[in-house]
Amino acid sequence: MNELCDRLETFIDGELAPVDAENFRHHLTRCHPCETRMKELLALELLADDALHDASGDTLAFVPPPPLKRRRTWMMVVPLALAAGLAAWVLVTRPASSADSSELWLGQTPGRTLEARLTHPSADRHRPYEVMRSGGDKPRALSLRELAKLEEAGDERGIASAYLLRGDPAQAGAFLDKLETSPDLDSDRAALALQRGAPEEALTLADRALKQRPQHAQALWNRGLALKALGLSLQAAEAFEQVAALKEPGWSEEAAQRAAELRSLEGEQRKGWKGAKQHCDDMVAGGAVPSPAEVERYPGLSRLCFYDAVRTASSIERVEVLRPLALQLDRIDGGTHLEDALRRAARVDFEARAPLAKEYVRLTRGELAPAARETLISKLREVRQEDILLGALLFVPDPRQHEAEYRALALATKDPWFALLAEERQAKADLQRGQAPRALTRLTEALRACDSEQRFSYRCLELLRNLSLVERQLHRPVEARTHGLAALARARAGREWSKEFRLIQELGQVAIFHGDLSLARAYMEEAILRTPERCEDHELPYANLALAYYRTFDFAGAREQLDHAAKCGRPPSLARAFVIADLAHTHARRDVDADLLTRGLAAIRSTPSSLEAAGDGPMLRHIEGRFFVEQDRRRGQTLLRQAITEAEPLLASDVTARKARVYSYTSLILDAAHHGELEKALALFAEERSLALPERCALGVTVDDERTALVARDASGRLLGHYDADRRQRLEAVEDLVPAKLVDALRDCPSVDVLARPPVLGKPGLLPPDLAWTYRVAPPPPASSPHAQRRLVVADVNAPAELRLPSLRAWSPPDAEDSALSTLKGASATPSQVLQAMREATEVQIHAHGVVDPHVADGSLLVLSPEEQGGRYALTAADVQGQRLQGRPVVLLAACHAAHSTTYFHETFGLPVAFVEAGARAVLAATQEIPDTEASAFFEPVLERIRTGIPAALVLRDARQDWLRSRGSVWVRQVLLFE
């Protein structure tokens, strides 16, 4: 009872969240207040509530007053007069926005049209959710009188909520932007993201709110909606069950119902697929053919099993039993390919075929050892049982074996199913040979055969899935996610529950690569929930969950996930081994890790088919070195050096090898800095980029999770360093990253070469604006005969109308005649023509809009004129990569956000770095917006001075300082130089 009284005091003090206060009040009215103290407090609350009625009779929501500064003993006796006085005070001083205006909050309708929940108490009263069959009501106009009341009260959340209820996310967002960061704001932003059809963003926002307040009812609800929209039904059910547990009137009942429906639907889908799979297996073993209705529901699975059923048919009568199925599947996918296969099967010698067919059945069940499998393949060749041979070759784990034979057999069938399967298998072989770009091209071309009619959808979803895997190997997370989601959509359309399960895991890995840890955790936890009984399926999701926890600096959480994975009793996978190595320098390391890691790496090396790419070998060496450098420095350093050496030959084609090299340098640099070996650390910074060891005026910067290492060499050649392991959140801004003592030491330098590594490279504000400095990306180009001056200007672009971008000011050519100047303007300024024209240019200016769209490209993109064929308008970092800029140009990207880059642990991916790596001498670009009226006035004098031979860093520093003094426009602080 005392606990209940204390909670009453908290309620009156106004210290409960609105939802918690409403729940407590509801609970209190059903309790028996048997103590005087409780009666007095309850009377106080009820009197205040009775006072809050307007002239129309509508009840106003009770808002507890601010906390009263009084001693707790005062609450032992509360005079009734104080209760009445306080009620009047609440009525006079409460914001007008709290009024439960039926018009303002659409309370006059029996149901609600907004599925998400809002944190404003008046906008969060439960009513049944109603969906209009027309697709929804038109947005209702907001009463100006009610809007004025909200504005007068300064209730931006109320205004935003009113607009959200009316389906106006743009207006709602504008008012949410005025609010201070809080769990409530994150939850409301999640509701806004859901209304805009962005469930991934909603999930991130809801998770952020729940991290601060785990029982936040609205955030839990909105998280459930986001997960449901992503198709993660069991995760969504768990979120709604947490809402149900809060016992909110109305909301809890609806949440429980939603959770039950989601679990039921997932259970039905799993049961249906497993039943169909069992029927297919029975058919292959000589049992009944699945019903036509089941075939219509599971056409891909049915076709897959049909081929095996033909291979195991023991008589012509059995072949005839399969004819109705062949006709039905041919009708679904088009053609007569399966009927033709039956005609061929009817002509075989069943007496000679029967024992081989029985062995093939054993092969499909995993009952044949590798030697017996090879014996079966040899026999099938001898007796020319090509269709069974075609099936048996698929069970060879290394696709490089029998590669040409398989392709010839597949194409000989004239069946599109096998033609697509041959391309898929050859792409896997390309990947294992370290030829990921070739695999990418092969799969992309093969997908052209996949039309919108969903024919051969099972094979097409596998092509999309493999394309996503290759793009993940190439570290193209935007493209990998796009194609993974397309494969997932096909899997769900074909009710391929097993494929959906695999894709959920793989999309979780893509999310980790892209740094979306909320999404990664959601995918991985969903995968675990979908197969609770199969421990062997949990290794990958638990290992990736451990990595996700590690990336959020929750090392204890990462260890917990590793412990879950270890319960299955299997040696660590490559992913789990990586996290074990990551934890070696944290408090979460364990003495048993050395033995566990050694056994895991040995198991991986003994199974070559477990390695997805050629770069996995150097990565294994890196993992070993990363771990042991924390236990035995010399051994660890030797292993890390070996990883770098092994990666070198693969750098051009294998991203995993590039990661192994970068990560190994990271470990070596941090090790040297941690032990005060500053000369060695700076030498490693330079060596990684093939630079000479700087003798003066240089700064090396690296950040790896919680650790930071910096080495500076001042104008006199003196070395200074800094190392710490104190970071507790992911690096975002870098303005305070360099300690003041290092900045002061660099002030006598005419300019500073910054050797920054990902994720610092490309971030603005690393050094103060009054210092001349540049991001040194690559060594200076080798001396060569000077190129004739060729200046290229791209301007007056015809941006696609659908982007609704305002027209930029027309570019004005210089007054004097300039024979070295050429322009691409208007319809001619397409991506392909710009790339072509840049190759021989010695200076490039691009005046265009810059856009950051993470769904289209990593980093930013430049909006150019659309191509005649296909309409492509974006110039991205991926387009610039691989180009050879023979003229070694100075490049000006006069576009908003042009220097915005996506930073990963192994690279900074964006336009400036791509241009430098393609051959540009220097790149000028800004990370933020550039005023159209000021761009040319700032950049033209900068380029003129650079043409005279003045170092670009000095020119930029002087221009920036002059601009700040004369105009005060702070955007120039965001202009960066890359050389």
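If you're wondering where the values come from, they're calculated on a predicted model, not measured in any experiment.

Definitions and limits used
- Residues numbered from 1 in each chain as written.
- Predicted model: local features only at pLDDT ≥ 70, side-chain atom pairs only at ≥ 80, totals over all residues.
- Heavy atoms only, no water.
- Helix = DSSP H or I, 4+ residues; strand = E, 2+ residues; numbered from the N terminus.
- Buried < 20%, exposed > 50% of the residue type's maximum accessible area, 1.4 Å probe, protein only.
- Contact = heavy atoms within 4.5 Å.
- Areas by Shrake-Rupley, 256 points an atom, 1.4 Å probe, with all protein chains shown as cover.
- Disulfide = S-S within 2.5 Å.
- Salt bridge = Lys/Arg side-chain N within 4 Å of Asp/Glu carboxyl O.
- Arc of directions from axis to C-beta.
- Phe/Tyr/Trp six-rings, centres within 6.5 Å; stacked < 30°, edge-to-face > 60°.
- Lys NZ or Arg CZ within 6 Å of the ring centre and 35° of its normal.
- pLDDT = per-residue confidence, 0-100.
- Polar contact = N/O pair within 3.5 Å; in protein donor to acceptor, adjacent residues only side chain to side chain.
- 1 Å grid on protein atoms, 1.4 Å probe; cavity = no way out; pocket = protein on both sides within 12 Å on 5 of 7 lines; lining within 4 Å.
- Points joined across faces, edges and corners; volume = space filled by probe spheres on them.
- Nonpolar A, V, L, I, M, F, W, Y, C, P; charged D, E, K, R; others polar.
- Axes fitted to C-alpha atoms, helices over the stretch in contact; angles between N-to-C directions.
- Parallel < 35°, antiparallel > 145°, perpendicular 65-115°, else oblique.
- Left-handed = near helix turned anticlockwise from the far one by under 90°.
- Expected span 1.5 Å × (residues − 1).
- Core = buried A, V, L, I, M, F, W, Y, C linked by side-chain atoms within 4.5 Å.

Engineer: What am I meant to see in the overall build of the protein here?
Structural biologist: In terms of regular secondary structure, the protein is built from 41 helices and 16 strands. In the protein, which comprises 979 residues, the proportion classed as buried is 53%. Here the analysis covers contacts within the protein between residues at least 6 apart in sequence; of these, 66% occur between residues at least 24 apart. Summed over its atoms, the accessible surface of the protein is roughly 43100 Å², and 52% of this surface lies on carbon and sulfur atoms.

Engineer: I tried to follow the state of the cysteines on my own but got confused; where do I start?
Structural biologist: Each disulfide consists of a covalent bond between the sulfur atoms of two cysteine residues. Summed over all chains, the structure comprises three disulfides. Here Cys450 is linked by a disulfide to Cys460, with a sulfur-sulfur distance of 2.0 Å. Taking the torsion about the S-S bond as the criterion, the Cys450 to Cys460 disulfide, at about -95°, is left-handed. Placement of the pair is Cys450 in the loop between α23 (436-446) and α24 (457-473) and Cys460 in helix α24, with a sequence separation of ten residues. Among the residues examined, Cys450 registers a relative accessible area of 15% and is labelled buried. Judged by its relative accessible area of 1%, Cys460 is buried. Residue pairing for Cys535: its cysteine sulfur links by disulfide to Cys568, the two sulfurs lying 1.7 Å apart. A torsion of -90° about the S-S bond marks the disulfide between Cys535 and Cys568 as left-handed. You can see Cys535 sitting in the loop between α27 (517-530) and α28 (539-551) and its partner Cys568 sitting in the loop between α29 (555-566) and α30 (574-582), a full 33 residues away along the chain. The connectivity of the disulfide-linked cysteines in the protein, indexed sequentially, is 1-2, 3-4, 5-6. Cys280 forms no disulfide, and the closest cysteine sulfur to it belongs to Cys305, at a distance of 3.1 Å.

Engineer: Please clarify how the pattern of salt bridges should be interpreted in this entry.
Structural biologist: Close approach of charged atoms lets side chains of opposite charge pair. Scanning the model with the defined rule gives 80 salt bridges in all. With a closest N to O distance of 2.3 Å, Arg270 and Glu533 form a salt bridge. Remark: Glu533 occurs in the loop between α27 and α28 and Arg270 occurs in helix α12 (residues 251-284); sequence separation between them is 263 residues. Here Asp593 makes a salt bridge to Arg559, at a shortest N to O gap of 2.6 Å. Taken together, the residues Asp593 in helix α31 (residues 593-605) and Arg559 in helix α29 connect sequence positions 34 residues apart. Residue classification places Arg559 among the buried residues on the basis of a relative accessible area of 7%. The structure contains a network of salt bridges with shared partners spanning Glu403, Arg407, Glu423, Asp430, Arg433 and Arg442.

Engineer: Is there a simple way to explain helix α21 (residues 403-412) in this structure?
Structural biologist: An α-helical turn contains 3.6 residues, so any two residues separated by three or four positions project in the same direction. Taken residue by residue, α21 has Glu403, Tyr406, Leu409 and Ala410 as its buried positions. Taken around the axis of α21, the buried residues stretch over an arc of 135°, which confines them to a single face. In α21, the exposed positions angled more than 90 degrees off the buried face are occupied by Ala404 and Ala412. Looking at the buried side of α21, the elements it contacts are α20 (386-393) and α22 (416-432). Lys414 sits one or two residues past α21 and shows a positive phi near 60°.

Engineer: Sorry, what's going on with the packing of aromatic side chains here?
Structural biologist: In this description, a pair of aromatic rings is defined by centroid distance and the angle of the planes. Considering all chains together, one arrives at 20 aromatic pairs under this definition. Plain terms: the ring middles of Trp773 and Tyr775 are 5.0 Å apart, the flat faces sit at 85° to each other, and that makes the pair edge-to-face. Just as Trp773 is buried, Tyr775 falls in that class too. Three or more aromatic residues joined by ring pairs make a cluster, and in this case those are Phe306, Tyr307, Trp417, Phe418 and Tyr458. Of note, Arg117 hangs over the ring of Trp251, and the distance from its end group to the ring centre comes to 4.1 Å. Arg459 extends its terminal NZ or CZ atom over the ring of Trp417, reaching a point 4.9 Å from the ring centre.

Engineer: Just checking my understanding: could you explain the confidence of the model for the protein for this structure?
Structural biologist: Segments scoring low in pLDDT should not have their predicted coordinates read at a detailed level. Averaged over the protein, the pLDDT score is 85; the fraction of residues at 70 or greater is 85%. Within the protein, helix α10 (residues 217-229) carries the highest mean pLDDT (98), whereas helix α4 (residues 80-93) carries the lowest (35). Segment residues 25-100 is flagged for pLDDT under 50; beyond a separation of four residues in sequence, or across chains, it makes 108 contacts in the model. Considering only residues more than four positions removed or in separate chains, one finds that residues 133-137, a stretch of pLDDT under 50, has two contacts.

Engineer: Please explain the side chain of Asn544 as it appears in this structure.
Structural biologist: Along the chain, Asn544 falls in helix α28. A distance of 2.9 Å separates a polar atom in the side chain of Asn544 from the backbone oxygen of Leu540.

Engineer: Please explain the environment of Glu351 as it appears in this structure.
Structural biologist: Turning to its location among the elements, Glu351 is positioned in helix α18 (residues 350-364). Residue classification places Glu351 among the exposed positions, given a relative accessible area of 73%.

Engineer: How do you make sense of the layout of surface pockets when you look at a structure like this?
Structural biologist: Once rolled over the atoms, a probe with the size of a water molecule shows which space is left empty. Considering only enclosed or pocket space, the second largest pocket measures out at about 1300 Å³ in volume. Mapped by element, the contributors of at least two residues to the lining of the second largest pocket are α23, α34 (655-674), β14 (908-909) and α39 (911-918). Looking at side-chain class alone, the lining of the second largest pocket contains 21 nonpolar, nine polar and 13 charged residues.

Engineer: I tried to follow the packing of α29 against α30 on my own but got confused; where do I start?
Structural biologist: Two quantities define a packed helix pair, namely the angle between the helix axes and the distance between the axes. With their axes 11 Å apart at the nearest point, α29 and α30 run at an angle of 140° to one another. One finds that α29 runs oblique with respect to α30. Once α29 is placed against α30, the crossing between them reads as left-handed. Residue-level inspection shows Leu562, Ala565 and Ala566 of α29 in contact with α30, the latter providing Arg576, Val579 and Ile580. Broken down by class, the residue content of the contact of α29 with α30 amounts to five nonpolar, no polar and one charged.

Engineer: Would you explain empty space enclosed by the protein in this entry?
Structural biologist: Inspection of every chain in the model, using the stated rule, returns three cavities of 30 Å³ or more. Computed from the structure, the largest cavity encloses a volume of approximately 60 Å³. Along the walls of the largest cavity sit Ala581, Ala584, His585, Arg626, Val629, Glu630, Ser667, Leu670, Asp671 and Arg707, which together make up its complete lining. At three residues, α34 tops the list of elements feeding residues into the lining of the largest cavity. Residue classes in the lining of the largest cavity are distributed as four nonpolar, two polar and four charged. In terms of lining residues, the second largest cavity is bounded by Leu431, Gly434, Ala436, Gln473, Leu474, Ala613, Ser653, Asp654, Val655 and Thr656. Of the residues contributing to the lining of the second largest cavity, the split by class is five nonpolar, four polar and one charged.

Engineer: How do you make sense of α31 when you look at a structure like this?
Structural biologist: Between its first and last C-alpha atoms α31 spans 18 Å; for 13 residues at 1.5 Å apiece the expected length is 18 Å, and the two agree. Along α31, the positions that sit buried rather than exposed are Asp593, Leu596, Leu597, Gly600, Leu601 and Ile604. Seen along its axis, α31 keeps its buried residues to an arc of 125°; they face one direction. Tucked into the core, α31 has its buried residues touching α29, α30 and α32 (616-628).

Engineer: So what exactly am I meant to see when it comes to the environment of Thr876 here?
Structural biologist: Along the chain, the position of Thr876 falls in the loop between β11 (874-875) and α38 (877-880). Given the relative accessible area of 10%, Thr876 is considered buried. Sequence separation of Thr876 and Leu862 is 14 residues, and the distance between their C-alpha atoms is 6.6 Å.

Engineer: Mind showing me how you'd approach the nonpolar core here?
Structural biologist: Counting 158 residues, the largest nonpolar core has Phe306, Tyr406, Phe418, Val470, Leu583 and Ile623 as the members making the most contacts within it. Here Leu583 is in contact with Tyr550, Phe555, Ala558, Arg559, Leu562, Ala588 and Arg589, once residues within four sequence places are set aside.

Engineer: Help me understand the packing of helix α9 (residues 199-212) against α10, please; the structure alone is not making it clear to me.
Structural biologist: At a closest axis distance of 8 Å, the pairing of α9 and α10 adopts a crossing angle of 150°. Looking at the two axes, α9 sits roughly antiparallel to α10. Considering how the two elements wind past one another, α9 and α10 form a crossing that is left-handed. For the pair formed by α9 and α10, the contact residues are Pro199, Ala202, Leu203, Ala206, Asp207, Ala209 and Leu210 on the first element and Ala219, Leu220, Arg223, Ala226, Leu227 and Ala229 on the second. Counted by class, the contact of α9 with α10 contains eleven nonpolar, no polar and two charged residues.

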